[in-house]
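The lines below spell out each chain.
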Amino acid sequence: MCEFKDMKEKLAVLETRLKDNEQLLMELRNKERPQVIFSAEAGARGAIGPFHSGTTLIYEHVITNIGNAYNKFTGIFIAPYAGVYYFTIFHHAGGNPGTELSLYKNSQCMVKTQDHPAVHETAHNGGNAVFLQLQHGDQVYVRMDANSHVYGSNYHTTFSGFLVSQI
């Protein structure tokens, strides 16, 4: 009977140690996981555009830039790690002309957001989102088509992204 009690106590100690080690392992995994998160807004500039040719939109006001992968001077996000990333773009504009923004991976258009010139309403909004598999060094940016415009104030026109899973 005494042997059974000793075994039961040893089992309880081992279970506690196992749970502690599992918790420690999870904490270590979370510390090792790289974090890449950014969100930027076009900045307090009022109307941006229209331009005679397509232009990379520079989001000057950086809200968050964990990992420093977004460059507020070029408007370009450069992937620091191979992985799956999630990106969003949103815009606000009004009147004429319309708005057409395209999110690019390197030189390839991946998604767009578009709104025709406002006829009856005074403002329009739009957005889009996409998961992209990127390699280290891939570039993601937003281009505004020729004869388009957006409004750069009050945090309406944004570009955001984050690393979902490293590959």
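Small disclaimer: the values here were computed from a predicted structure and weren't measured. (Residues numbered from 1 in each chain as written. Predicted model: local features only at pLDDT ≥ 70, side-chain atom pairs only at ≥ 80, totals over all residues. Heavy atoms only, no water.)

Moving on, we come to the overall build of the chain. For the chain, the helix and strand inventory stands at 1 helix and 13 strands. Reading the helices (α) and strands (β) of the chain from amino to carboxyl end gives α-β-β-β-β-β-β-β-β-β-β-β-β-β. Computed over its C-alpha atoms, the radius of gyration of the chain comes to 24 Å, more than 25% above the 15 Å expected for a compact globule of 167 residues. Principal-axis analysis of the C-alpha atoms places the extent of the chain at approximately 90 × 35 × 25 Å. Taken across its 167 residues, the chain has 35% of its residues classed as buried. Looking at the chain alone, contacts between residues at least 24 apart form 74% of all its contacts between residues at least 6 apart. Taken as a whole, the chain presents about 10,300 Å² of accessible surface, with 54% of it coming from carbon and sulfur. Averaging the locations of the 13 positively and 15 negatively charged side chains of the chain gives two centres separated by 5 Å. (Helix = DSSP H or I, 4+ residues; strand = E, 2+ residues; numbered from the N terminus. Rg over C-alpha atoms; globule rule 2.2 N^0.38 Å. Buried < 20%, exposed > 50% of the residue type's maximum accessible area, 1.4 Å probe, protein only. Contact = heavy atoms within 4.5 Å. Areas by Shrake-Rupley, 256 points an atom, 1.4 Å probe, with all protein chains shown as cover. Lys, Arg positive; Asp, Glu negative; His and termini not counted. Charge placed at Lys NZ, Arg CZ, Asp CG, Glu CD.)

Membership of the largest hydrophobic core comes to 26 residues, with the highest contact counts inside it found for Tyr-59, Phe-77, Phe-87, Leu-103 and Phe-159. Elements represented by at least two residues in this core include exactly strand E1 (37–41), strand E7 (83–93), strand E8 (99–105), strand E10 (124–134), strand E11 (139–144) and strand E13 (158–166). Leaving out residues up to four positions away in the same chain, Tyr-59 has contacts with Ala-40, Glu-41, Ala-42, Tyr-70, Lys-72, Leu-101, Val-142, Thr-157, Thr-158 and Phe-159. (Core = buried A, V, L, I, M, F, W, Y, C linked by side-chain atoms within 4.5 Å.)

Structurally, the position occupied by His-124 is in strand E10. Of the polar contacts made by the side chain of His-124, one reaches the side chain of Asp-115; its length is 3.2 Å. (Polar contact = N/O pair within 3.5 Å; in protein donor to acceptor, adjacent residues only side chain to side chain.)

On to the packing of aromatic side chains. Taken as a whole and judged by the stated rule, the model has 13 aromatic pairs. Measuring from ring centre to ring centre gives 5.2 Å for Phe-38 and Phe-77, while their planes differ by 20°; the resulting arrangement is stacked. Of this pair, Phe-38 sits in strand E1 while Phe-77 sits in strand E6 (residues 76–78), and the two are 39 residues apart along the sequence. Residue Phe-38 is classed as buried on the basis of its relative accessible area of 2%. Judged by relative accessible area, which is 1%, Phe-77 ranks as buried. The interplanar angle of 70° and the centroid separation of 5.5 Å between the aromatic rings of Phe-77 and Tyr-85 together place this pair among those described as edge-to-face. Tyr-85 matches Phe-77 in its accessibility class, with the two residues each being buried. (Phe/Tyr/Trp six-rings, centres within 6.5 Å; stacked < 30°, edge-to-face > 60°.)

The next subject is the side chain of Thr-99. Along the polypeptide, Thr-99 turns up in strand E8. The exposure class of Thr-99 is buried, given its relative accessible area of 1%. Side-chain polar atoms of Thr-99 contact the backbone oxygen of His-149, separated by 2.6 Å. Beyond its immediate stretch of four places on either side in the chain, Thr-99 contacts His-91, Ala-93, Thr-113, Gln-114, Asp-115, His-124, Ser-148, His-149 and Val-150.

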